[in-house]
Amino acid sequence: MKYNAIIMGLSLVLSACGSSSSGGGKKKVIKFSSLSMNPITLQKENTRCSSADLLEEEKIFTVTRLINKKPVEEIVNLQSFLQNNQLVDANKDLLNAHLYDVSKRRVLEVVYYDENSFDITTDIDEVDSAGLTNSVCADNMSYARNSYENVGLIVTNALTKTRSAITSLISDSIPSVSVSLTPLEYSKVKVTDVYGNVYQDEEGYRTNNAYYSPSEKALVFLPGSKEVEAAGIFEKPFWEIPMVASHEYGHHIFDTLYPNFEHSNMHQDILHDSCFDTRFNTNTEMMAVSEARTTERSDIVGGFNEGFADLMAQYTLSESENYLGDLNCFRKNREVKSPKFADGTIKKFNAKNIRLLFSSKEYETSSCNKANIQEIHHMGAVFAHVTDAIQSSYGLTNTEKLQNILTWIKALNEDENLNLMGGRDYFENSMRKFVKIMHKNYGNINDDIIRDYLSGVSI
Ligand SMILES: [Zn+2]
């Protein structure tokens with residue numbers, strides 16, 4: 001099957017932390033999260049459990065997770081999640097599966113004919129092992145830090161908090177999700193042209209990240225890798241940070257409350273990219289790599305989705321649970337309260353940022369140490385900070401802020417015209433909807449603050 005690269009291309013924008021692609025001319029690059037041949041999975045501690053049904057009494061577990069930069073031992077009671085010792089809830093409201101030892105293979109080979117068309121010559125997507133159900137056992141009320149039991153408990157704990165805070169405010173039913181811990185996801189991507197030029201050829205297991213898969217309604221925590229461990233760049237595993245689990249669940253909420261947004265590309269369910277890119281780029285110049293960029297509605301929705309997910313974690317977890325790791329640039333970039341990116345770029349929708357967001361020049365994908373609002377996580381970081389700061393100016397609580405953001409996302413879903421608009425109109429109308437909610441609930445008293453944060457937007 002031949003695809004038109006201009007329309008569908010590999011210029012992919014994915015809903016769930018996905019963004020892939022791009023580059024000028026034929027240098028089409030499909031990015032997975034970092035690939036490694038040396039993934040480090042967790043260990044199952046209790047493969048057998050002699051206390052078959054001990055969990056009808058109140059049982060509490062001691063778990064280890066990161067709170068304010070440090071691994072802290074805490075007691076959690078997840079009684080309702082421990083049906084027959086399995087880490088799924090009886091009613092399947094939150095979790096319908098909690099898996100480990102999943103193994104998958106994804107092979108994608110693409111051949112370009114010219115700038116505008118390509119063939120996908122190989123497209124393998126197989127599950128080699130569907131995984132085992134993660135369970136905890138009353139034989140053992142405290143587990144090793146890197147065990148599936150410990151991680152299963154802390155992830156479930158964060159998800160429980162986020163879900164209950166959200167469902168206390170809305171009547172919509174939220175489908176259950178599955179959790180997959182350190183799956184082995186082998187990926188191979190090869191992009192060539194008919195002349196034999198190779199633009200991309202990489203393979204390995206996807207590591208050091210987390211993502212949400214909309215098609216499977218799955219929260220996935222990828223394994224660590226020996227390379228990253230040895231480099232000591234980001235030594236804190238994502239599953240230990242409560243905010244990460246809540247962020248991924250935030251994508252699930254976005255997807256559930258905004259079904260009228262149509263994803264625009266064929267790969268949305270295949271190429272889930274990183275939610276938490278912490279890579280450094282030594283070249284911090286902003287390099288234009290293409291001059292025919294159009295900001296599509298899906299680009300803006302991708303940014304809203306990321307910012308929304310950060311806000312869901314921010315408003316449903318405690319301050320100490322929202323700790324973002326100790327990598328300075330990553331923390332500043334993604335902390336909702338931080339008014340600037342690590343490189344000093346101001347988080348406002350001012351004229352400069354808006355110009356870049358809708359520029360016909362595409363700039364090289366950002367890295368942790370260089371802000372680029374064309375990248376969905378950075379656009380999302382601006383959205384999250386802007387809406388949070390405006391709401392803070394009225395002295396709102398986290399619950400009130402959460403309520404307003406949920407109202408806003410539902411308003412986007414309900415507006416049929418909005419969901420047909422091009423990128424810029426979509427963006428401006430969406431931000432106007434936010435301002436309208438502020439005006440309706442709190443009047444015009446802080447319009448000067450709104451104008452400051454949205455100075456590049458006609459509102
Ligand atoms: Zn994300």
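Residues numbered from 1 in each chain as written. Predicted model: local features only at pLDDT ≥ 70, side-chain atom pairs only at ≥ 80, totals over all residues.

(A) Structural detail: the pairing of strand β10 (residues 117-129). In terms of burial, β10 is a largely surface element, 1 of the 13 residues being buried. Joining the antiparallel neighbours strand β9 (residues 103-114) and β10 is a turn of 2 residues. (Buried ≥ 20, exposed ≤ 12 C-beta atoms within 10 Å, placed from the backbone. Helix = DSSP H or I, 4+ residues; strand = E, 2+ residues; numbered from the N terminus. Pairing = 2+ DSSP bridges.)

(B) Looking closely at the packing of helix α4 (residues 297-316) against helix α8 (residues 398-414). At a minimum axis distance of 9 Å, the contact between α4 and α8 shows a crossing angle of 150 degrees. Relative to α8, the element α4 is oriented roughly antiparallel. Relative to α8, the crossing made by α4 is left-handed. Counted together, Phe308, Leu311, Tyr315 and Thr316 of α4 and Asn398, Lys401, Leu402, Ile405 and Ile409 of α8 form the full contact between these two elements. The class makeup of the residues in the contact of α4 with α8 is 6 nonpolar, 2 polar and 1 charged. (Axes fitted to C-alpha atoms, helices over the stretch in contact; angles between N-to-C directions. Parallel < 35°, antiparallel > 145°, perpendicular 65-115°, else oblique. Left-handed = near helix turned anticlockwise from the far one by under 90°. Contact = placed C-beta atoms within 7 Å. Nonpolar A, V, L, I, M, F, W, Y, C, P; charged D, E, K, R; others polar.)

(C) Focus on the packing of helix α1 (residues 148-167) against α4. It is at 9 Å that the axes of α1 and α4 come closest, and there the two elements cross at 90 degrees. Relative to α4, the element α1 lies roughly perpendicular. Where α1 approaches α4, its residues Lys161, Thr162, Ala165 and Ile166 are matched on the opposing element by Met312, Ala313 and Thr316. For the contact of α1 with α4, a count of residues per class yields 4 nonpolar, 2 polar and 1 charged.

(D) Inspection of the nonpolar core at higher detail. In terms of nonpolar packing, the biggest core is built from 85 residues, with Val155, Leu181, Leu219, Phe308 and Met312 touching the most fellow members. If you tally residues by element for this core, the top one is α4, at 9 residues. No fewer than three residues from each of domain 1 (35-102 + 125-184 + 198-268) and domain 2 (277-459) sit in this core. Sequence-distant contacts of Phe308, defined by excluding residues within four places in its chain, comprise Gly250, Phe254, Ile405 and Ile409. Val110, Tyr112, Val189 and Val191 belong to the second largest nonpolar core, which has 6 residues in total. (Core = buried A, V, L, I, M, F, W, Y, C linked by C-beta atoms within 7 Å. Domains from an automatic or database assignment.)

(E) A look at the sheet that holds strand β8 (residues 95-100). Ordered in space as β11-β8-β12-β16-β15, the 5 strands form an open sheet in which the pairing is mixed. This sheet does not close on itself; its edge strands, each paired only once, are β11 (132-133) and β15 (210-213). In this sheet, strand β16 (residues 218-221) lies alongside β15 in antiparallel orientation, the contact comprising 4 bridges. In the strand pairing of β16, Tyr211 is matched with Val220. The strands that α1 touches are β8 and β12 (177-181); relative to β12, the one it contacts most, it runs at about 145 degrees. Of the strands in this sheet, β12, β15 and β16 are in contact with helix α3 (residues 242-257), which crosses β15 at around 20 degrees.

(F) Structural view of the environment of Asp101. As for its placement among the helices and strands, Asp101 is situated in the loop between β8 and β9. Each C-alpha atom, one on Asp101 and one on Thr182, is 7.4 Å from the other, the two residues being 81 residues apart in sequence. Setting aside residues no more than four positions away along its own chain, Asp101 makes contact with Ser129, Gly131 and Leu132.

(G) How the structure looks around the pairing of β16. Of the two faces of β16, the one holding Ala218 and Val220 and the one holding Leu219 and Phe221 are both buried throughout. Pairing geometry for β12 and β16, over 4 bridges, is parallel. Residue pairing for β16: Val179 is matched across the bridge by Leu219.

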